[in-house]
Amino acid sequence: MTKDNPNSPDLKSGKGSKDYSKYFDFSDAKVLSEDEFGKRIRIKGREINIMSEPNHRQEKQRGKEDVQVLYGNVVPDELRSIGEGKHYIIYTFGCQMNEHDTETIKGLLEQMGYRGTEDRKVADIILLNTCAIRENAEDRVFGELGHLMHLKTEKPDLLLGVCGCMAQEENVVNRILQKHGFVDIIFGTHNIHRLPFLVKEALFSKELVVDVWSKEGDIIENLPKKREGMKAWVNIMYGCDKFCTYCIVPFTRGKERSRRPEDVIAEVRDLARQGFKEVTLLGQNVNAYGKDFTDITYSFGDLMDDMRLIDIPRVRFTTSHPRDFDDQLISVLAKGGNLVEHVHLPVQSGSTEVLKKMSRKYSRDRYLELAHKIKVAIPNVGLTTDIIVGFPGETDEQFEDTMTLVNEIGYDSAFTFIYSPREGTPAAIMEDNVPMEVKKERLQRLNKAIEDNSRMNNEKMQGKIVEVLVEGESKNNEAVLAGRTRSNRLVHFVGSKDLIGTLVNVEISEVKTWYIKGEIVTESIAVNS
Ligand code: SAM
Ligand code: SF4
């Protein structure tokens, strides 16, 4: 699962900061009108309706204003048929949070009558749901926009939209306005529920519609979602208040807001009733869940304890922040049942000095102590992590601290990244004297260590019987089924296609680096066993 893209411009270029000033040159823009509903401007012949635009300074502020939870119907009757006979495609970049937002966007479009397609020529609306976490993610989106420009020329009625984390960035929105004026809609992460109105506005006005909220606004419940398969994501909270110095997320996703426990529980119960076999509770720092409630005391540990009572075979969560991972949660997870033995615990670095510069608010020792506690309380736990190499000024010794930590913990897998400077974050202006060549070598050594640990852990599985949720055919061999253990290891085995979507017991007979092979022992075991 080591996940840096060897083709990423990050790795190739070694670029530091970019000159964005050209995207802020609006000398050729003409303001047509301005009122309480926004601003109308014209750039290079294209009329643009800016209802609201991103502002980094506002995105950073954490106001005390109450977050309301709104329940209601977000697609009014008059918009329920404007997509009839029309088709959509959504390209999603980035993390599970974005994947899940895409499910909501699809749900909204389907309520408007649109249907999904994979054929670009058939599509009437194409949206890019974007990721801003590293520069290479952004470059891929601009590359994709380049391809879509040709399609738009052939099919002028096609609606093209950019949404997600990149849309929350000032420089990205300005760059689109200046260089990609063929885009029709730009909206951010806080106002997905406004999509039906924005589509209508873009369709009827033919203007480029920009509606990006810098402030997070309220929690909107009852948004329609188009989920597929047997596994479902459930947001338990939005935003992040941690402000790690390298990270853009607190700007693009706003302040921490927890959904009410009764709403989360009702959603998971409903998914269980629909036959889903696994849910993953999502948040940027799930361990901060509930800290913003002013009327009740209810923590992430409490929520997980309530999850145990729901008749769904597996409950996972991501992502944990080591600083907020408390003993209550460990003792709840140790109860097992449908709470699976997998903890994704991003460490980022094994050096206390680097962790300090990252503002992670824990030390190497504190992290090791926490990982040890988790391993003792939850035997067979699968620990996975995220690691950044080449943080500004990272010395050889500091990198060696990461290597020794990785070998001491023995992770099952890790997402590893070369540090990518993000405009507006504190780390982007830190002095960085580490050459890109050195960063690449470090990444390679780290990936090798992760691989070795994964294989060693897999070898310990030899001969054991594990519970597998059968997810489908293996990607490379349709005669083989693929599924995941409770600790999230990938398992391949031969079996009937009827088993897809069920839990089976598999005896491990052969191990590889990133997956294990086995033979089926018990077909379709009971739920919650
Ligand atoms: N909230 C999670 C946490 O605290 O670990 C993860 C959020 S982020 C979507 C996923 C991962 O991207 C982070 O854990 C970090 O390793 C990586 N990441 C974030 N900003 C980065 C940057 N500027 N350069 C390289 N990697 C970055
Ligand atoms: Fe980013 Fe840190 Fe928040 Fe994770 S905890 S989203 S790395 S700021």
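What counts and how
- Residues numbered from 1 in each chain as written.
- Chains lettered and ligands numbered in written order.
- Predicted model: local features only at pLDDT ≥ 70, side-chain atom pairs only at ≥ 80, totals over all residues.
- Heavy atoms only, no water.
- Pairing = 2+ DSSP bridges.
- Helix = DSSP H or I, 4+ residues; strand = E, 2+ residues; numbered from the N terminus.
- Axes fitted to C-alpha atoms, helices over the stretch in contact; angles between N-to-C directions.
- Contact = heavy atoms within 4.5 Å.
- Near = heavy atom within 4 Å.
- Polar contact = N/O pair within 3.5 Å; in protein donor to acceptor, adjacent residues only side chain to side chain.
- Areas by Shrake-Rupley, 256 points an atom, 1.4 Å probe, with all protein chains shown as cover.
- Nonpolar A, V, L, I, M, F, W, Y, C, P; charged D, E, K, R; others polar.
- Phe/Tyr/Trp six-rings, centres within 6.5 Å; stacked < 30°, edge-to-face > 60°.
- Buried < 20%, exposed > 50% of the residue type's maximum accessible area, 1.4 Å probe, protein only.

1. Structural notes on the sheet that holds strand β19 (residues 413–418)
- Reading across from one edge, β17-β18-β19 is the order of the three strands in this open sheet, with parallel pairing throughout. The open sheet terminates on both sides in strands that have one partner only, identified here as β17 (342–344) and β19. Within this sheet the neighbouring strands show an average axis-to-axis angle of 10°, counted without direction.
- Across six bridges, strand β18 (residues 382–389) lies against β19 in parallel orientation. In the strand pairing of β19, Asp386 is matched with Phe415.
- Packed on one face of the sheet, helix α14 (residues 436–459) meets β18 and β19 and runs near 180° to β19.

2. What to know about the site of ligand 1
- Around ligand 1 lies a shell of 15 residues, among which Tyr246, Gln284, Gln348, Asp386 and Ser420 are the nearest.
- A distance of 3.3 Å is found between an oxygen atom of ligand 1 and a side-chain nitrogen or oxygen belonging to Arg134.
- Contact distances for ligand 1 include 2.7 Å between an oxygen atom and a side-chain N or O atom of Gln348.
- For ligand 1, the accessible surface in isolation is 560 Å², of which the surrounding protein chains cover 92%.
- Looking at the shell around ligand 1, the elements with two or more residues in it are β18 and β19.
- Here the shell around ligand 1 is built from residues that sort into seven nonpolar, four polar and four charged.

3. Brief notes about the packing of aromatic side chains
- A complete count under the given rule lists seven aromatic pairs for this structure.
- Ring centres of Tyr246 and Phe391 lie 6.4 Å apart, and the angle between their planes is 85°; on these two criteria the pair is classed as edge-to-face. A residue pair is termed long-range when its members are at least 10 positions apart, and Tyr246 in the loop between β13 (237–238) and α7 (249–253) and Phe391 in the loop between β18 and α13 (396–409) qualify at 145 residues. Each member of the pair, Tyr246 as well as Phe391, carries the same accessibility label: buried.
- With centroids separated by 5.2 Å and ring planes inclined at 70°, the aromatic side chains of Phe300 and Phe317 adopt a geometry described as edge-to-face. With Phe300 in helix α9 (residues 300–307) and Phe317 in strand β16 (residues 314–318), this pair connects stretches of sequence that are 17 residues apart.

4. A few points about unusual backbone geometry
- A cis amide bond links Thr318 with the next residue in sequence, Thr319, at an omega value of 5°.
- For Thr319, the position within the fold is in the loop between β16 and α10 (327–333).
- Located in the positive-phi region is Phe243, a residue other than glycine, with phi close to 50°.
- Residue placement: Phe243 occurs in the loop between β13 and α7.
- In the Ramachandran plot, Asn488 falls in the positive-phi region, its phi being about 80° despite a non-glycine side chain.
- Among the structural elements, Asn488 can be located in the loop between β21 (481–484) and β22 (490–493).

5. As for the sheet that holds β16
- Spatially, the three strands line up as an open sheet ordered β12-β15-β16, and their pairing is parallel. The open sheet terminates on both sides in strands that have one partner only, identified here as β12 (231–235) and β16. Between one strand and the next, the sheet's axes are offset by a mean angle of 25°, whatever the strand orientation.
- Pairing geometry for strand β15 (residues 278–282) and β16, over five bridges, is parallel. Residue pairing in the sheet places Val279 in a bridge with Val315 of β16.

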